[in-house]
Amino acid sequence: MSIGRMVWLRWIGVAGLAAFAGCQGDGPVSPAAAASACAGVDAELEASFDALARLVAAETYRAEQFANEDAFVANMQTIVDDLKAQAQQFNEGQKTHKLEPWEWKVEGGDPAGPRYHWVFGFRLGNGPRRISLNTHFDTVSPGDTDAWEPFKLTRSTGETKHGGEQELWVGRGAIDDKGPALATFLVLKQIARAYDGSPLLDDITVELIFDTTEEIGGMSMWRYRDENAEEAADIEIIFDTFWSVRAEKGIERPVFTLPREAPPTSGVWIDALNTPSGPVNQIPDRAEAILRSDSPEQLEELAQRIEADYAEHPFDDPSYRRAKLTVDRSGLPAELKLTTEVAGAQHASVPQENRADGANPLVSLTNFLGALAESQVLVDNDVARMCRFIRSTWGTRTFGETHPDLLERHDQVFTEGNGTTYALTRLYTEPAPGAITLSLDVRYAIGHHSQPWDGESEGLLCGAQSQFAEIFTKIVDDFNATSGGAPISFETVTRVAPDIRRTDGPIFSRVSRAFEEVTGRPTPAVAMGAGTDAKAFVKAIAVGALFDTTFGAPVNYHGIREAAPVRDLALSTKILCNIVDWEIQHAKEQLPEPVAGTCEDARAESSFSSSDHEH
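What comes next is a walk through the structure. Note that the structure is predicted; figures quoted are calculated from it, not measured. (Residues numbered from 1 in each chain as written. Predicted model: local features only at pLDDT ≥ 70, side-chain atom pairs only at ≥ 80, totals over all residues. Heavy atoms only, no water.)

### Examining the overall build of the chain
Each helix and strand in the chain was counted, giving 15 helices and 22 strands. Relative to the 2.2 N^0.38 estimate, which gives 25 Å for 615 residues, the radius of gyration of the chain is 26 Å and therefore close to what a compact globule would have. Across its three principal axes, the chain shows a C-alpha extent of roughly 100 × 50 × 45 Å. With 615 residues in all, the chain has 60% of them scored as buried. Expressed as a percentage of contacts within the chain between residues at least 6 apart in sequence, the contacts between residues at least 24 apart total 77%. Positive and negative side-chain charges in the chain, numbering 55 and 93 respectively, have mean positions lying 4 Å apart. (Helix = DSSP H or I, 4+ residues; strand = E, 2+ residues; numbered from the N terminus. Rg over C-alpha atoms; globule rule 2.2 N^0.38 Å. Buried < 20%, exposed > 50% of the residue type's maximum accessible area, 1.4 Å probe, protein only. Contact = heavy atoms within 4.5 Å. Lys, Arg positive; Asp, Glu negative; His and termini not counted. Charge placed at Lys NZ, Arg CZ, Asp CG, Glu CD.)

Put into structure tokens, the structure is as follows:
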């Protein structure tokens, strides 16, 4: 018998097993089949350090106002070319089924936006049913490069709640999302090897989708899906978070503004207070304030005691962990510089994690300086007034506890301790001329949306608006009525509504089945603050690569020394492969569909400006 004939008969047998399993219900085809298709993919991930190092070395973050777009495009193209070359080499060992590269790229058309709406990837098989594995190669900015080498992948060790002590691969994008993206590429190659020549790949197309704009809002994915609806996946796995996401909070982006005024003529005042430029979804690396005075003696006297004052300052919570303060006296007698430094998690979707095990430098510094202004140690000028606004509206809290009736919400999905969060991420008195601007990243629960969840459907809540236009109007009006000086104004944008999935829904259930086959337990059901490319698409689900929701050390999501825990990522790669294998073997079956909501307007951005409101 020829080798080709033997291979064909082998796959006829596999197809028969699949058909038999389909008659038996939803169980796996057989432990042996699942094991053989994905055997070794976890070990392959653990051996992929050099491949990930090349991806990390390509600097694919976007600078403020897209100032580095030329370099970004060139570096992203480097990744495209590298992966194509790897696929071509892989295909030389395939007899029938090869990895086919594809790309979708259109001009952005907005000088204040990305140059391209751009996704790319690979496809395997040619069947009508489709499973997509979706990741992204863009990253957040590198952060403080004095503290680490973000684009050089290094090895370390650390302990995670799930995997215990394990090897870490450290570099920008290692876990968000270049490591997981590499994992999907390894899974596709593993599946291609296992099913080369199989007739089962005539029933399904397995697709990798790599996004290039996820960190700035996922605009490429939404446009790609809109313009290629005929190629929509029957199940799309967003491999970018945790096992497994059943809900994502809504996203609100308010900006509070205060006109700059002429500096005081006497006393000590805050002349400037700035964070580094960067994305609003990242807690800043530091905050810097410049104090000036008409009296060198007064400034010198404050310089001598301000460290002690900061160390003893009674913040709104006695257990608050204040950021490290550095006092630079080198500019005296003209100026005194105060710098606070970040500690802990920097992903703005979970400011409560930063507060629990670290410190937001902007929160620490503004609360302290606001208190000094209130006690008349500092002159109550424009910058001090913004500090007082921060102190009275949020204090050091992250769940809106200072105004519980207006700002605090939790519910049956986003439970207590995981409700609406407020991350103060950017404050500039420079370079924006003539204004002080404060930006927040708000991730909000069901109760802050304009319409409730019906408890049955899956996907975005109906209604394009949150309740924050009215809420911030009241807060700002109340503050302006007694603060003195020019009024604070604000603009706010509801980026997207909360997205809720049923844990007994068909997509979530299939993912949980694959998770349990590998780990022996059902997948967790995580309600989270981050916005993934699964939002608004009920056949998409965000999963992996982590097994607990800790954004801080040693993973440091969006932070300094971002790290991928290798053992956890390898296990996640095996689960992902298991999902793909199950979908291949059940591609001919009629599987249940999720029940999507029928609203039309939940995806639209809704904006509000207080300049149109009578204060």
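Let's pick the thread back up.
### Let's talk about the state of the cysteines
Linking two cysteines covalently via their sulfur atoms produces the bond known as a disulfide. Summed over all chains, the structure comprises one disulfide. Here cysteine 38 is linked by a disulfide to cysteine 577, with a sulfur-sulfur distance of 2.2 Å. Its torsion about the S-S bond being -90 degrees, the disulfide of cysteine 38 and cysteine 577 is classed as left-handed. With cysteine 38 in helix α2 (residues 31-38) and cysteine 577 in helix α15 (residues 566-585), this residue pair connects regions lying 539 residues apart in the sequence. (Disulfide = S-S within 2.5 Å.)

### Topic: the packing of aromatic side chains
Taken as a whole, this structure holds 29 aromatic pairs when the rule is applied. When the centroid spacing of 5.7 Å and the interplanar angle of 55 degrees are considered together, the rings of tryptophan 243 and phenylalanine 515 count as tilted. In this pair, tryptophan 243 is assigned in the loop between β7 (235-242) and β8 (245-248) and phenylalanine 515 in helix α14 (residues 506-519), connecting sequence segments 272 residues apart. For the pair tyrosine 422 and phenylalanine 468, a centre-to-centre distance of 6.3 Å together with 85 degrees between the ring planes defines the contact as edge-to-face. Taken as a pair, tyrosine 422 in strand β14 (residues 421-428) and phenylalanine 468 in helix α13 (residues 468-483) lie far apart in primary sequence, 46 residues in all. (Phe/Tyr/Trp six-rings, centres within 6.5 Å; stacked < 30°, edge-to-face > 60°.)

### Let's talk about the environment of arginine 123
Structurally, arginine 123 is set in strand β2 (residues 116-124). In the structure, arginine 123 is positioned 365 residues away from isoleucine 488 in sequence and 52 Å away in space, judged by C-alpha atoms. The contacts of arginine 123, once residues within four sequence positions are left out, are Lys98, Leu99, Glu100, Trp102, Arg130, Thr205, Val206, Glu207, Tyr224 and Glu231. Of the polar contacts made by the side chain of arginine 123, one reaches the side chain of glutamate 207; its length is 2.7 Å. One polar contact links arginine 123 to glutamate 231, side chain to side chain, over a distance of 3.2 Å. (Polar contact = N/O pair within 3.5 Å; in protein donor to acceptor, adjacent residues only side chain to side chain.)

### Let's talk about empty space enclosed by the protein
Following the criterion strictly, the structure yields four cavities of 30 Å³ or more and no others. Looking at the largest cavity, its volume works out to about 110 Å³. Residue assignment for the lining of the largest cavity shows that the elements contributing at least two residues are α9 (351-357) and β14. The class makeup of the residues in the lining of the largest cavity is seven nonpolar, five polar and three charged. (1 Å grid on protein atoms, 1.4 Å probe; cavity = no way out; pocket = protein on both sides within 12 Å on 5 of 7 lines; lining within 4 Å. Points joined across faces, edges and corners; volume = space filled by probe spheres on them. Nonpolar A, V, L, I, M, F, W, Y, C, P; charged D, E, K, R; others polar.)

### A look at the pairing of β14
Here is the key point about a regular strand: its side chains alternate between the two faces of the sheet. Buried residues dominate β14, accounting for eight of its eight residues. Note that β14 and strand β15 (residues 435-444) share seven bridges and pair antiparallel. Following the sheet pairing, threonine 421 is matched in β15 by arginine 443. (Pairing = 2+ DSSP bridges.)

### So, the side chain of glutamate 252
The topology assignment puts glutamate 252 in strand β9 (residues 250-259). Of the side chains with opposite charge, arginine 253 lies nearest to the buried glutamate 252, which makes no salt bridge, at 9.0 Å. Within the structure, the side chain of glutamate 252 is placed 2.7 Å from the side chain of threonine 494, a separation counted as a polar contact. If near-sequence neighbours (up to four positions away) are discounted, glutamate 252 is found in contact with Leu440, Asp441, Val442, Tyr444, Ser466, Phe468, Thr492, Val493 and Thr494. (Salt bridge = Lys/Arg side-chain N within 4 Å of Asp/Glu carboxyl O.)

### So, the side chain of arginine 388
Note on placement: arginine 388 falls in helix α11 (residues 382-393). Setting aside anything within four residues of it in sequence, one finds arginine 388 in contact with Gly370, Ala373, Glu374, Asp380, Phe479 and Ser483.

### Description of the nonpolar core
Counting residues in hydrophobic clusters, the biggest one holds 92 residues, and the most contacted among them are Leu99, Phe120, Phe122, Phe137, Ile237, Trp243 and Ile584. Ranked by the residues each element gives to this core, the list is headed by helix α6 (residues 178-194), at ten residues. When near neighbours in sequence (up to four residues on either side) are disregarded, phenylalanine 120 contacts Met76, Ile79, Val80, Leu83, Trp102, Glu103, Phe137, Leu208, Ile209, Phe210 and Thr212. Listed in part, the 55 residues of the second largest apolar core include Leu258, Leu332, Leu369 and Phe468. (Core = buried A, V, L, I, M, F, W, Y, C linked by side-chain atoms within 4.5 Å.)

### Thoughts on the sheet that holds strand β10 (residues 268-274)
Hydrogen bonding along the main chain pairs the strands of a sheet, whether they run parallel or antiparallel. Ordered in space as β10-β11-β13-β12, the four strands form an open sheet in which the pairing is antiparallel. Each end of this open sheet is capped by a strand with a single partner; those strands are β10 and β12 (324-328). Here the strands of the sheet are splayed against their neighbours by 20 degrees on average, with no regard to which way each runs. Judged from the six bridges that link them, β10 and strand β11 (residues 286-293) form a sheet pairing that is antiparallel. Its bridge partner lying in β11, leucine 273 is registered against alanine 289. Set on the sheet, helix α8 (residues 296-312) makes contact with β10, β11, β12 and β13 (336-341); between it and β11 the angle comes to about 145 degrees. (Axes fitted to C-alpha atoms, helices over the stretch in contact; angles between N-to-C directions.)

### Let's talk about the packing of α11 against α13
The N-to-C vectors of α11 and α13 enclose an angle of 130 degrees; their axes lie 11 Å apart at closest approach. Compared by their axis directions, α11 and α13 come out oblique. In terms of crossing hand, the pair formed by α11 and α13 is right-handed. Between α11 and α13, the residues in contact are Arg385, Arg388, Phe389, Ser392 and Thr393 and Ile475, Val476, Phe479 and Ser483, respectively. (Parallel < 35°, antiparallel > 145°, perpendicular 65-115°, else oblique. Left-handed = near helix turned anticlockwise from the far one by under 90°.)

### Quick look at the sheet that holds β9
On the basis of which strands lie adjacent, the open sheet formed by five strands has the order β14-β15-β9-β17-β22 and antiparallel pairing. Each of the sheet's edge strands pairs with one partner strand only, and the pair in question is β14 and β22 (606-609). With direction set aside, neighbouring strand axes in the sheet form an average angle of 15 degrees. One ladder, built from eight bridges, connects β9 with β15; its direction is antiparallel. From the neighbouring strand, proline 259 faces β15, where its bridge partner is alanine 435. Sheet strands touched by helix α10 (residues 361-374): β14 and β15. Its angle to β14, the strand with the most contacts, is close to 75 degrees.

### Some words on the packing of α8 against α10
α10 packs onto α8 with a crossing angle of 110 degrees between their chain directions and a minimal axis gap of 11 Å. The angle between α8 and α10 falls in the class roughly perpendicular. Within the contact between the two elements, α8 uses Ile306, Asp309 and Tyr310 and α10 uses Ser364, Phe368 and Leu372. Each residue belonging to the contact of α8 with α10 can be placed in one class, and the counts come to four nonpolar, one polar and one charged.

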